[in-house]
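Report on the structure
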Amino acid sequence: MYRRILVPLEHGSADEHILRHVTDLAQWSGASIVLIHVADGWAARVHGQLKLRESEEMKSDREYIERIATTLTEQGLECEAVLASGDPSGEIAAAAEREGCDLIAMATHGHGFLNDVVRGSVANEMRHKSMVPVLLVRTPAPAKRPTGPTPAVPSGTPQVRS
């Protein structure tokens, strides 16, 4: 099946969701995991060309992916972390080739076709740039809060929390 899975992380809420899927897949197939985060802020994009130090954001990103890699290793998975900078889809595609990955597994937010066309999406770009298969796992939509006033609950009535 798969031997080496590249997992782009965005240092956000979608990471937990994709990691649940990937850890199960890696345990089942015996694959190793390569975590990657592509820092794409201004400092990250010119970091190499101007020979700048890592920005605080990049340091935070590195600590984040290294902490996750350590946790996965402690769970018995072979895992390493890569911090890249620049264009996310280009860096992810290049890392998949360079690291010898045979699957890219990434979260997608499911913004919808029109939003992706207007804003673009890394997931959509990966479908076109990568020669490595791409597994897209849609993250659940955030729970919507009810609008309007909240009905009063009489005291003593059990409340169910989800």
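No experiment lies behind these values; they were computed from the predicted model shown.

Counting 26 residues, the largest nonpolar core has Ile5, Val7, Leu9, Ile18, Ile33, Leu35 and Leu72 as the members making the most contacts within it. Listing elements by their share of this core, those giving two or more residues are β1 (4-8), α1 (14-29), β2 (32-39), α3 (56-74), β3 (79-85) and β4 (103-108). Those residues within four positions of Ile5 in sequence are excluded, and the remaining contacts are Val22, Leu25, Ala26, Ala31, Ser32, Ile33, Val34, Cys101, Leu103 and Ala105. In this structure, Ile36, Val38, Ala93 and Ile104 belong to the second largest nonpolar core, which totals 16 residues.

On to the side chain of Arg4. Relative to the helices and strands, Arg4 is located in strand β1. Side chain to side chain, Arg4 and Ser32 meet in a polar contact 3.1 Å long. One polar contact links the side chain of Arg4 to the main-chain carbonyl oxygen of Glu99, over a distance of 2.6 Å. When sequence neighbours within four positions are dropped, the list of residues in contact with Arg4 reads Ala31, Ser32, Val34, Glu80, Glu99, Gly100, Cys101, Asp102 and Leu103.

Sheet architecture is open: five strands sit in the order β3-β2-β1-β4-β5, paired in parallel fashion. The open sheet has two free edges, formed respectively by β3 and β5 (134-138), since each of these has just one partner strand. Across this sheet, the average inter-strand angle for adjacent strands is 25°, counted without regard to direction. The pairing of β1 with β4 spans two bridges and is parallel. In the sheet register, Leu6 faces β4, and the bridge partner there is Ile104.

With that settled, the discussion passes to unusual backbone geometry. With a phi angle near 60°, His11 is a residue other than glycine that sits in the positive phi range. Relative to the helices and strands, His11 resides in the loop between β1 and α1. Overall, His11 belongs to the partly exposed group, its relative accessible area being 31%.

Glancing now at the environment of Asp61. Residue position: Asp61 is located in helix α3. Using a relative accessible area of 4% as the deciding quantity, one classes Asp61 as buried. Here His11 takes part through its side chain, which lies 2.7 Å from a polar atom of the side chain of Asp61.

The next point concerns the packing of helix α4 (residues 88-98) against helix α6 (residues 122-129). Look at α4 against α6: their axes get within 9 Å of each other, and the N-to-C directions meet at 45°. Looking at the two axes, α4 sits oblique to α6. Relative to α6, the crossing made by α4 is right-handed. The residues of α6 that touch α4, namely those facing Pro88, Ser89, Gly90, Ile92 and Ala93, are Val122, Glu125, Met126 and Lys129.

This part is about the confidence of the model for the protein. For the protein, per-residue confidence averages 79 on the pLDDT scale, and residues scoring 70 or more make up 70% of the total. Scored below 50 in pLDDT, residues 113-120 shows four contacts in the model against residues more than four places distant or in partner chains. Every residue in residues 157-162 scores below 50 in pLDDT, and together they form one contact with partners more than four places removed in sequence or on other chains.

What follows concerns the pattern of salt bridges. Counting across every chain of the model gives six salt bridges. A salt bridge links Arg98 to Glu99; the nearest nitrogen and oxygen atoms lie 3.8 Å apart. Overall, the relative accessible area of 51% leaves Arg98 in the exposed class. Residues participating in the shared-partner salt-bridge network are Arg4, Glu80, Arg98 and Glu99.

Calculation notes
Residues numbered from 1 in each chain as written. Predicted model: local features only at pLDDT ≥ 70, side-chain atom pairs only at ≥ 80, totals over all residues. Heavy atoms only, no water. Core = buried A, V, L, I, M, F, W, Y, C linked by side-chain atoms within 4.5 Å. Buried < 20%, exposed > 50% of the residue type's maximum accessible area, 1.4 Å probe, protein only. Helix = DSSP H or I, 4+ residues; strand = E, 2+ residues; numbered from the N terminus. Contact = heavy atoms within 4.5 Å. Polar contact = N/O pair within 3.5 Å; in protein donor to acceptor, adjacent residues only side chain to side chain. Pairing = 2+ DSSP bridges. Axes fitted to C-alpha atoms, helices over the stretch in contact; angles between N-to-C directions. Parallel < 35°, antiparallel > 145°, perpendicular 65-115°, else oblique. Left-handed = near helix turned anticlockwise from the far one by under 90°. pLDDT = per-residue confidence, 0-100. Salt bridge = Lys/Arg side-chain N within 4 Å of Asp/Glu carboxyl O.

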